[in-house]
Each structure stands twice: as structure tokens, then as C-alpha cells.
Amino acid sequence: MFKTNAMRLLDAKKISYESFSYPPEVTDGEQVAKQLGEDPAAVFKTLVTVSDKGEHFVFCVPVCASLDLKRAAKAAGAKSVAMIKQKELEPLTGYVHGGCSPVGMKKRFATFIDESAQGLSAMYVSAGKLGWQMKLSPASLAGFVGAVFAPLRTE
């Protein structure tokens with residue numbers, strides 16, 4: 001069976017998840033949710049930012065929402081954060097745009113998950129490869145990556 005590095009890392013810690021594949025050319029988050037037959041509020045995108053001091057932070061928000069940069073900065077304890085440039089993503093994380101997982105980045109970054117995930121029994125995040133998603137409990141994901149739940153979406 002096919003395994004991404006993110007899946008292998010979860011397996012090593014005996015963290016329960018399910019993996020799902022879909023056509024890799026589907027890159028829009030809401031279309032990914034449709035492919036999975038899931039509510040877009042349960043499918044999360046992984047966004048990487050840089051602070052005014054050059055620190056990197058990872059934020060997971062539902063694909064149907066936008067990251068509120070002011071809320072993100074507040075959660076991270078930074079004055080401000082901005083999205084990193086797309087060309088910086090792979091060298092920094094090891095993941096390509098559209099296949100970025102909060103699990104298994106090259107380096108561990110402070111990670112924040114939108115508080116809406118706490119009301120879900122399961123959430124989806126990228127499995128670290130275009131066309132692959134992992135479904136797992138928000139608490140398991142947060143525990144594994146050391147994430148904090150916070151209000152991150154735009155109102």
C-alpha cells in the first residue's frame with residue numbers, strides 16, 4: 001500500500017488515521033472536499049507564514065475559510081505574519097504547494113489549528129503529496145505536531 005512520509009511518521013507513533021486519494025490535478029480545497037464527499041469545514045489546508053522577525057509558523061484552517069493574518073499573528077505571539085512566497089515552500093518544508101502537510105515538515109515549526117476543528121470528530125489534512133489526504137482526530141494531530149487550537153479564520 002502507498003505511504004507518504006507523513007503517513008509513516010503517524011504509523012511509527014501508532015496514531016490512527018485513514019488515507020484517501022483523489023486525482024492530483026484537483027488542487028482547489030473545496031473541490032478536494034467534494035472529491036472526498038466531505039463538508040469543506042472538515043477539510044483543512046496547511047499554510048506557512050513568516051513573522052516580522054523571520055520566524056516561520058504553520059496554520060491549518062478549513063478550505064472554505066481564509067486565514068486572518070492578524071489573528072494568526074496574535075496566536076503565534078508575533079507582531080505580524082505574512083504568507084511565505086510559493087517558491088520558498090518546498091525548500092523550507094519539503095512539501096509542494098497543494099501537498100503541504102502539517103505532519104513531517106523538514107523542521108518542526110510552531111503550529112496552530114483553527115478552533116473549529118475541536119468540534120469535529122475527524123478532520124482531513126494533506127498527506128504530504130498531491131492527491132492524498134489523511135483523516136484523523138483533531139486531538140491526535142494537535143498532539144503529534146504540538147499544535148495549539150486558536151481562532152484563525154476571517155469572520
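Since we're looking at a predicted model, the values are computed, not measured.

A. Geometry of the side chain of Thr-46. Mapped onto the elements, Thr-46 comes out in strand E2 (residues 44–51). You can call Thr-46 buried: its relative accessible area is 12%. From its side chain, Thr-46 meets the backbone oxygen of Cys-100 in a polar contact 3.3 Å long. If we ignore the near neighbours within four places in the chain, the residues touching Thr-46 are Val-58, Phe-59, Cys-60, Cys-100, Ser-101, Pro-102 and Met-105.

B. A look at the pattern of salt bridges. In total, this model carries 2 salt bridges according to the counting rule given. A salt bridge links Lys-3 to Asp-11, with the nearest nitrogen and oxygen atoms 3.0 Å apart. Residue classification places Lys-3 among the partly exposed positions, given a relative accessible area of 29%. Its salt-bridge partner being Arg-153, residue Asp-114 comes within 2.7 Å of it at the nearest N-O pair. Note that Asp-114 is positioned in strand E5 (residues 110–114) and Arg-153 in the segment after strand E8 (148–150), a separation of 39 residues in sequence. Overall, Asp-114 belongs to the buried group, its relative accessible area being 0%.

C. Quick look at the nonpolar core. Core analysis: the biggest nonpolar cluster contains 29 residues, and Leu-10, Val-103, Ile-113, Met-134 and Leu-141 have the highest contact counts within it. The dominant element in this core, judged by the number of residues it contributes, is helix H5 (residues 138–145), at 4 residues.

D. The sheet that holds strand E6 (residues 123–126), seen in detail. An order of E1-E7-E6 is seen for the 3 strands of this open sheet, with the pairing classed as antiparallel. Edge strands, defined here as strands with exactly one partner in the open sheet, are strand E1 (18–21) and E6. For this sheet, the mean inter-axis angle between neighbouring strands, taken without regard to orientation, is 30 degrees.

E. Structural detail: helix H2 (residues 29–36). For H2, the complete set of buried residues consists of Gly-29, Val-32, Ala-33 and Leu-36. What you see down the axis of H2 is that its buried residues fit within an arc of 100 degrees, all on one side. In this fold, the buried residues of H2 make contact with E1, E6 and strand E7 (132–136). Looking at where H2 begins, the residue whose side-chain oxygen comes 3.2 Å from the main-chain nitrogen of Glu-30 is Asp-28. Following H2 by one or two positions, Gly-37 adopts a phi angle in the positive range, close to 70 degrees.

F. Structural view of the packing of aromatic side chains. Under the criterion given, the structure shown has 4 aromatic pairs. Residues Phe-20 and Tyr-124 carry aromatic rings whose centres are separated by 5.6 Å and whose planes lie at 50 degrees to one another, so their mutual orientation is tilted. In this pair, Phe-20 is assigned in strand E1 and Tyr-124 in strand E6, connecting sequence segments 104 residues apart. Under the relative-accessibility criterion, Tyr-124 is labelled buried at 2%. Seen in terms of ring centroids, Phe-59 and Phe-112 are 5.3 Å apart; in terms of plane orientation they differ by 20 degrees. Their pairing is stacked. Of this pair, Phe-59 sits in strand E3 (residues 56–62) while Phe-112 sits in strand E5, and the two are 53 residues apart along the sequence. Phe-112 sits in the buried class, given a relative accessible area of 7%. Put simply, the rings of Phe-57, Phe-59 and Phe-112 pair up and form one aromatic cluster.

Conventions we followed
- Residues numbered from 1 in each chain as written.
- Predicted model: local features only at pLDDT ≥ 70, side-chain atom pairs only at ≥ 80, totals over all residues.
- Heavy atoms only, no water.
- Helix = DSSP H or I, 4+ residues; strand = E, 2+ residues; numbered from the N terminus.
- Buried < 20%, exposed > 50% of the residue type's maximum accessible area, 1.4 Å probe, protein only.
- Polar contact = N/O pair within 3.5 Å; in protein donor to acceptor, adjacent residues only side chain to side chain.
- Contact = heavy atoms within 4.5 Å.
- Salt bridge = Lys/Arg side-chain N within 4 Å of Asp/Glu carboxyl O.
- Core = buried A, V, L, I, M, F, W, Y, C linked by side-chain atoms within 4.5 Å.
- Pairing = 2+ DSSP bridges.
- Axes fitted to C-alpha atoms, helices over the stretch in contact; angles between N-to-C directions.
- Arc of directions from axis to C-beta.
- Phe/Tyr/Trp six-rings, centres within 6.5 Å; stacked < 30°, edge-to-face > 60°.

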